[in-house]
Amino acid sequence: MNIFIATLPCGFLGGENSPQLQQIYVLAVGFMSLFSDITNEQLVEMDAAAADQQTAGQLAAELQRRLEYHSYRYYVLDDPEISDAEYDALLRQLEALEARFPELVSPQSPTQRVGGQPLPGFETVTHRIPMLSLSNAHSFDELKEFDLRIKRALPDEQVTYVAEPKIDGLAVSVLYEDGAFVQGATRGNGQQGENITQNLRTVKSLPLRLRPGAPAVFEARGEAYMSREAFSRLNSGRSERGEQLFANPRNAAAGSLRQLDPKVTAHRDLDIFLYSLGYTEGVGVSSHWEALQLLRDLGLRVNPLVRQCAGITQVLEFCEEIGRLRPELPYDIDGVVVKVDSLAQQARLGFTAKSPRWAIAFKFPPEEATTVVRDITVQVGRTGALTPLAILEPVTVAGSTVSRATLHNEDIVRQKDIRIGDTVVIRKAGDVIPEVVKPVTAKRTGAEQVFTMPTVCPACGAEAYRAPGEAVTRCIGSQCPAQLLEGLSHFASRDAMDIEGMGPAIVTQLVEAGMIKSPADIYGLSLEQLVTLERMGQKSAENLLGAISRSKNAGLARVVFALGIRLVGAGAARDLADHFGSMDRVISASTQELTAVPAVGEKIAASVKEYFSEPQNLELVQRLKAAGVEMTQERTQEQVSLDNPLNGKTVVVTGTLETLSRKEAQELVRSLGGKVTSSVSKKTDYVVVGDNPGSKHDKAVELGITIWDEEEFLRQTGRGS
Ligand code: IVH
């Protein structure tokens, strides 16, 4: 039998001690040995030989254990051992086996997350221990008063706190019996909630079975939520289909969990963090911190930012730190929850009628604000889409000034009933474009005007047409200057061909002077032409020509993106380039071949096909090629040397670098087979730090992630000395 040595960071919750001190080495022969006896090769052999029920049963159990273990590594430890594709392959293997031997299917099998019929309604669940809410503090002074109250009640006692981000989702209870997930419920009125077991089963970060050693009855409580990314994906799909939008991730999570058909919930991509114990039998913990550790040991997901604080000063520091991290977090939080750590002290402090005296919620200012819609204008995009845009009385939200917000399309304006002159609630979270949430109808005077979509394009006067079944109205004018300008600006933009000095103002001048009508014309521009433009001296004209010439080698991915094919963003363009290696192969690919590309679904594939079925688009590609624009991929992922230190690693670039822009640094990482992400987590391998790095640097230090300065980064990527 093999013996595994696993490193488990026991002080997983961060804190004041250095991460090194918190590492202890645990000899883990327990559950890991469960599948240490069976090698991958044997697993495959077993699969081939699984003709009889007994072998099949063993194999199914083994596959389940592996899948559970890898889910735990991924969701709880944030430290996966295998790729998503390998996980999916194991899941498919189990699915195939269960299809052959249906009697092997158990409710806890990882294949059984989405099951059951739509319910007629939710049953009521009575909480064995009521689910209370918390009292709030809105300032540091109020937090200090909370601390004083605690000190008065526990004179001369040392009080340690645990501080945790307050996730903005939906409180839920999850019950496990003999390790198996048997019941999930909403908080409801605190005494009774709704049985949402079927829906919680679809939440992939919630285990259907606890890890070995779970008490016979174990209830945990936590917050189910939707990440900001999942929320914006959900809403953009809904906006495209003309469906009603969710106002924020919290509402989206609540709406998803209250679906009677679990198949709908399964498509909603919810997550969960657990933050306390509920009714349990035979659990021996003496502090909340230990309870969090237990939750995590049992395979439940605990927020990695939670921290033990020696006193109120450290709590205030934590609140400040989390406030700074807030815009970058992948989920919404609305504050910090502060809890007395010792369970004995908690018991002595007790409860008021509504909430515990030993905990408080410190609330952050909302990421929402109210302002007035001065006007609703219509923007024409490069694909001719007419987008209504709210022009707002400028207002500060989540630290930045907002003066416009997209209204998506005509249906959404009507559904939300947003009128010119309305006072509205707007919301800005993270990098997401500000949204108008809803009008404050109580403030209406009657003078507000209802918006109507123009029937002609505001830029060129051509007909604006809305196809049946589509939510978007488009300008059908082939010579529309707005489309042309947007298309050309997009072509030259940083993420596309990256022609420095060719911003929207220069593009406008070039178009108005009749010098360019198509992106291909950019490569025919001469110095004599350029110097005739306003505020364009000899030197800047030369620089611009240099940038134009350099852009010919921008690479296939950028060219594909620059064409402005509907729905093809930078990510899909990169995947298309990596997959096909040349523009000609992208053009001739069938729909089936296109959908084989990771980021390409049916809709994108159809859009690519439609784009290249237009003779004028094919002509554009030919003209670009003739002008010397590189249309093949020089380095594919396969060609990247496997021994370069960035290959397969996850990297975050933050702060200002000296010799290259952040985008260039990110591209360098990708070109070496690395993955670039925007926020630092335990999955991050390296953080490249320039000047003024901000909170990502702090977080990297906190998580003990390797940090490279620019010099080191250049050295590691083979560019430095
Ligand atoms: S502790 C006895 N911890 O905030 C109260 N709550 O009013 C136990 N919440 O309904 C709650 N993150 O839904 C706690 N880390 C956290 C939390 C958290 C979010 C929510 C929870 C509760 C509300 C408090």
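As the structure is a computational prediction, the values presented were derived from the model and not from experiment. (Residues numbered from 1 in each chain as written. Predicted model: local features only at pLDDT ≥ 70, side-chain atom pairs only at ≥ 80, totals over all residues. Heavy atoms only, no water.)

Topic: the overall build of the protein chain
Step number 1: In terms of helices and strands, the protein chain carries 26 helices and 24 strands.
Step number 2: Radius of gyration (C-alpha) of the protein chain: 29 Å, near the 27 Å computed for a compact globule of 721 residues.
Step number 3: If one aligns the C-alpha atoms of the protein chain with their principal axes, the spans along those axes are about 85 × 70 × 60 Å.
Step number 4: Scored against the burial criterion, the 721 residues of the protein chain give a buried share of 48%.
Step number 5: Long-range pairs, those at least 24 residues apart, make up 67% of the contacts in the protein chain between residues at least 6 apart in sequence. (Helix = DSSP H or I, 4+ residues; strand = E, 2+ residues; numbered from the N terminus. Rg over C-alpha atoms; globule rule 2.2 N^0.38 Å. Buried < 20%, exposed > 50% of the residue type's maximum accessible area, 1.4 Å probe, protein only. Contact = heavy atoms within 4.5 Å.)

Considering the sheet that holds strand S10 (residues 270-280)
Step number 1: Sheet architecture is open: 4 strands sit in the order S7-S6-S9-S10, paired in antiparallel fashion. Bordering the open sheet on either side are strand S7 (180-186) and S10, each of which pairs with just one other strand. Geometrically, the sheet is characterised by an average inter-axis angle of 30° between neighbouring strands, direction not taken into account.
Step number 2: Pairing analysis gives 6 bridges linking strand S6 (residues 170-177) to S7, with the strands arranged antiparallel. (Pairing = 2+ DSSP bridges. Axes fitted to C-alpha atoms, helices over the stretch in contact; angles between N-to-C directions.)

A closer look at helix H24 (residues 662-671)
Step number 1: For H24, every residue scored as buried is listed here: Ala665, Gln666, Leu668 and Val669. End-on view of H24: buried residues confined to an arc of 155°, all on one side of the axis.
Step number 2: Among the structural elements, strand S21 (650-654), strand S22 (675-676) and helix H26 (710-716) are those in contact with the buried residues of H24.
Step number 3: Taken from the residues just after H24, Gly673 is the one with a positive phi, measuring 90°. (Arc of directions from axis to C-beta.)

Topic: the environment of Arg128
Step number 1: By the element assignment, Arg128 lies in the loop between strand S3 (124-126) and strand S4 (136-137).
Step number 2: Under the relative-accessibility criterion, Arg128 is labelled partly exposed at 48%.
Step number 3: It is 70 Å that separates the C-alpha atoms of Arg128 and Leu624, two residues lying 496 residues apart in sequence.
Step number 4: The residues touching Arg128, leaving out its near neighbours within four places in the chain, are Leu175, Glu177, Val217 and Tyr279.

A short note on the site of the ligand
Step number 1: Lining the immediate environment of the ligand, one finds 13 residues, of which Leu134, Glu164, Glu223, Tyr275 and Lys339 sit closest.
Step number 2: Contact distances for the ligand include 2.7 Å between a nitrogen atom and a side-chain N or O atom of Glu164.
Step number 3: In this structure, an oxygen atom belonging to the ligand sits 3.2 Å away from a side-chain N or O atom of Lys166.
Step number 4: For the ligand, whose accessible area on its own is 520 Å², the fraction buried by protein is 87%.
Step number 5: Put simply, the parts of the chain that give the shell around the ligand at least two residues each are strand S5 (161-167) and strand S12 (333-340).
Step number 6: By residue number, the principal contributor to the shell around the ligand is S5, which donates 4 residues.
Step number 7: Classifying every residue of the shell around the ligand gives 8 nonpolar, 1 polar and 4 charged. (Near = heavy atom within 4 Å. Polar contact = N/O pair within 3.5 Å; in protein donor to acceptor, adjacent residues only side chain to side chain. Areas by Shrake-Rupley, 256 points an atom, 1.4 Å probe, with all protein chains shown as cover. Nonpolar A, V, L, I, M, F, W, Y, C, P; charged D, E, K, R; others polar.)

So, the sheet that holds S21
Step number 1: Taking strand neighbours across the sheet as the criterion, the 4 strands line up as S22-S21-S23-S24 in an open arrangement whose pairing is parallel. Unpaired on one side and paired on the other, S22 and strand S24 (706-708) mark the two borders of the sheet.
Step number 2: Pairing of S21 with strand S23 (residues 686-689) involves 4 bridges; the strand directions are parallel. Across the sheet, the residue bridging to Val653 is Val688, located in S23.
Step number 3: Of the strands in this sheet, S21, S23 and S24 are in contact with helix H25 (residues 695-703), which crosses S24 at around 140°.

Things to note about the packing of helix H11 (residues 312-325) against H25
Step number 1: The geometry of H11 relative to H25 is characterised by a closest axis approach of 9 Å and an angle of 120° between their N-to-C directions. The orientation of H11 relative to H25 falls into the category oblique. Relative to H25, the crossing made by H11 is left-handed. In this structure, H11 contributes Glu321, Arg324 and Leu325 to the contact, and H25 contributes Ser695, Asp698, Lys699 and Glu702.
Step number 2: Tallied by class, residues from the contact of H11 with H25 come to 1 nonpolar, 1 polar and 5 charged. (Parallel < 35°, antiparallel > 145°, perpendicular 65-115°, else oblique. Left-handed = near helix turned anticlockwise from the far one by under 90°.)

Side note on the side chain of Arg113
Step number 1: Relative to the helices and strands, Arg113 resides in the loop between helix H4 (84-100) and S3.
Step number 2: It turns out Arg113 is buried and unbridged, and the closest side chain with the opposite charge, Glu68, is 8.2 Å from it.
Step number 3: For Arg113, the side chain forms a polar contact with the main-chain oxygen of Val203, separated by 2.9 Å.
Step number 4: Only 2.8 Å separates the side chain of Arg113 from the backbone oxygen of Leu206, close enough to count as a polar contact. (Lys, Arg positive; Asp, Glu negative; His and termini not counted. Salt bridge = Lys/Arg side-chain N within 4 Å of Asp/Glu carboxyl O.)

Some words on the packing of helix H3 (residues 53-76) against H4
Step number 1: Taken N-terminus to C-terminus, the directions of H3 and H4 make an angle of 150°; their axes are 10 Å apart at the nearest point. Classified by the angle their axes make, H3 and H4 are roughly antiparallel. With respect to the hand of their crossing, H3 and H4 are arranged in left-handed fashion. When H3 is examined against H4, the residues Ala56, Leu59, Ala60, Leu63, Gln64, Arg66, Leu67, His70, Ser71 and Tyr74 are found in contact with a partner set consisting of Asp84, Tyr87, Leu90, Leu91, Gln93, Leu94, Leu97 and Glu98.

Some points on the pattern of salt bridges
Step number 1: Inspection of every chain in the model, using the stated rule, returns 38 salt bridges.
Step number 2: The partner of Glu229 in a salt bridge is Arg233, with the nearest N and O atoms 3.6 Å apart. Of this pair, Glu229 and Arg233 both sit in helix H7 (residues 228-240), 4 residues apart, roughly one helical turn.
Step number 3: According to the relative accessible area criterion, Glu229 is exposed, its value standing at 57%.
Step number 4: What makes Arg233 partly exposed here is its relative accessible area of 47%.
Step number 5: We note a salt bridge from Asp584 to Lys625, for which the minimum N-O separation is 3.1 Å. Of the two residues, Asp584 is situated in helix H20 (residues 583-588) and Lys625 in helix H23 (residues 615-626); the sequence distance between them amounts to 41 residues.
Step number 6: Classification of Lys625 by relative accessible area gives partly exposed; the value is 32%.
Step number 7: It is possible to trace a salt-bridge network through shared partners that takes in Arg228, Arg326, Asp332, Glu367 and Arg427.

Looking at the pairing of S7
Step number 1: Judged by how many residues are buried, S7 sits mostly within the fold: 5 of 7 residues are covered.
Step number 2: Connecting S6 to the next strand, S7, in antiparallel fashion are 2 residues, including Asp178 with a positive phi near 50°.

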